[in-house]
Amino acid sequence: MILLGIESTAHTASVGVVDESTRVLGLSSDMYRPPTGGIHPREAANHHVESLPGLVRAAMEEAGVRPNEVSAVAFAQGPGLGPCLRAGATVARTLALLWGRPLVPVNHCVAHIEIARALSGLEDPMLLYASGGNTQVIVYGAGRYRVLGETLDIGVGNFLDKLWIALGGSFPGGPAIEAEALRGTQLLTLPYAVHGMDVTFSGMLTAALALHRAGASRADLAYSVEVTAYSMLTEITERALAHRHRAEVVLGGGVACNERLRGMVRSMVEARGGVYFAPPRKLCVDNGAMVAWTGLLAHRAGVSIEVERSAVNPRQRTDQVPADWRQSSDGHPHRATSDARTRGDRAPP
Ligand code: ATP
Ligand code: FE2
């Protein structure tokens, strides 16, 4: 079985082609980089509209796959920026109709999780999903991915991006801060905001900007922000592991590219005698292969959606969609229809 997946939720337009053994046969991506400031949804969507047709062609060519070999077309239904989501959904609907193949809706967060889980080879790990818009500690339970802890304000990646842009840099901030942090020598005191298994970042953003105005160097700020933010994420992950009596952690999302975060989580997990895994960087950031892979899992479990009902959902949460392809740890399958997915119904308590 071969699936084509389209990612367009925010800054990156990407098309991936995968097979049942999680092999990425083709992957073609193009990131929208605003000349100044943050991402404007309409401008990013225009970028996606222009780049997606070429990306589809490039991914199919790299994969050496013809349309009649594609079993279904998956797209990221949400969460994300409305205009960007609609750009990808429109291309996916067009291909599904043109090729006469089912259309499969995929949750973007679940896609980050599933590609990381598949590559880890671990059946049921705990997941730290750290990206631009999301920061969540997740386990699977009773038919869905459950969020044990998360950011109560902005995602850690958005925090890094906002800070870097305010310091005079450009999007994306995370990789630039990682490079700058290597030159930092002084650990500045910043708000360490852990609330149980939740975190917040806006206080740290305000404090970091105040320190900058008071003369702190970009290098020291980058270093201090990384150490503080990633310690917070490591702490909530450890707390979740301890409470759930778990030992395996898989990282996902764009911020999981970060060497310092990888190292901190790895040391924590290994000190507990557990198992740690992080995917290669190109599969941590937004990419079509994760959508294709999750679409393949969903398609195999019988999920598809009619074109007429395939509206995007900019606010669709990780824990709002059924993970039909997984079974609960008590061994009971939890089937749910794609209706539940389109209605975006809430997880039971
Ligand atoms: P979400 O998955 O929550 O919808 P997103 O799709 O916008 O967010 P991803 O592509 O998953 O984001 O991740 C992008 C984020 O990752 C950006 O905020 C970027 O700054 C951050 N990032 C990328 N590389 C690194 C790095 N090396 N260190 C820290 N952050 C990074
Ligand atoms: Fe993402």
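Now for a look at the structure at hand. (Residues numbered from 1 in each chain as written. Chains lettered and ligands numbered in written order. Predicted model: local features only at pLDDT ≥ 70, side-chain atom pairs only at ≥ 80, totals over all residues. Heavy atoms only, no water.)

What about the sheet that holds strand β5 (residues 103–107)?
- The mixed open sheet is built from five strands, whose spatial order is β3-β2-β1-β4-β5. Each having just a single partner strand, β3 (24–31) and β5 make up the two edges of the open sheet. On average, each strand axis in the sheet is tilted by 20 degrees relative to the strand beside it, whichever way the strands run.
- Examined bridge by bridge, strand β4 (residues 72–78) and β5 share five bridges and lie parallel to one another. The residue bridging F75 from the neighbouring strand is P105, located in β5.
- Its contacts with the sheet place helix α2 (residues 82–99) against β1 (2–7), β4 and β5, and it is angled at close to 160 degrees to β4. (Pairing = 2+ DSSP bridges. Helix = DSSP H or I, 4+ residues; strand = E, 2+ residues; numbered from the N terminus. Axes fitted to C-alpha atoms, helices over the stretch in contact; angles between N-to-C directions. Contact = heavy atoms within 4.5 Å.)

A word on the pairing of strand β7 (residues 135–141)
- By the criterion of burial, β7 is predominantly enclosed, with seven of the seven residues buried.
- Burial along β7 is two-sided: the face carrying T135, V137, V139 and G141 and the face carrying Q136, I138 and Y140 are both buried.
- Across four bridges, strand β6 (residues 126–130) lies against β7 in antiparallel orientation. Among the inter-strand pairings, A130 is bridged to a residue of β7, identified as T135.
- Remark: four residues form the turn of the hairpin made by β6 and β7, two consecutive strands paired antiparallel.
- Summarising the sheet, β7 and strand β8 (residues 144–150) pair through six bridges and their orientation is antiparallel. (Buried < 20%, exposed > 50% of the residue type's maximum accessible area, 1.4 Å probe, protein only.)

A short note on helix α1 (residues 41–63)
- At S51, α1 shows its strongest bend, of approximately 40 degrees, with the proline P53 following within four residues.
- All buried positions along α1 are accounted for by A44, A45, H47, H48, S51, L52, L55, V56, A59, M60 and A63.
- Elements in contact with the buried residues of α1: β1, β2 (12–19), β3 and α2.
- Immediately downstream of α1, the backbone of G64 shows phi near 65 degrees, a positive value. (Bend = angle between axes of the 7 residues up to and from the residue.)

A word on the site of ligand 1
- By nearness alone, 24 residues border ligand 1, and Y129, S131, D161, E178 and D286 come closest of all.
- In the environment of ligand 1, an oxygen atom lies 3.0 Å from a nitrogen or oxygen atom belonging to the side chain of H108.
- Contacts to ligand 1 include G174, whose backbone N or O atom sits 2.9 Å from an oxygen atom.
- In the complex, the protein chains occlude 93% of the 640 Å² of accessible area that ligand 1 would expose alone.
- Considering each element in turn, the shell around ligand 1 owes the most residues, four residues, to helix α5 (residues 173–181). (Near = heavy atom within 4 Å. Polar contact = N/O pair within 3.5 Å; in protein donor to acceptor, adjacent residues only side chain to side chain. Areas by Shrake-Rupley, 256 points an atom, 1.4 Å probe, with all protein chains shown as cover.)

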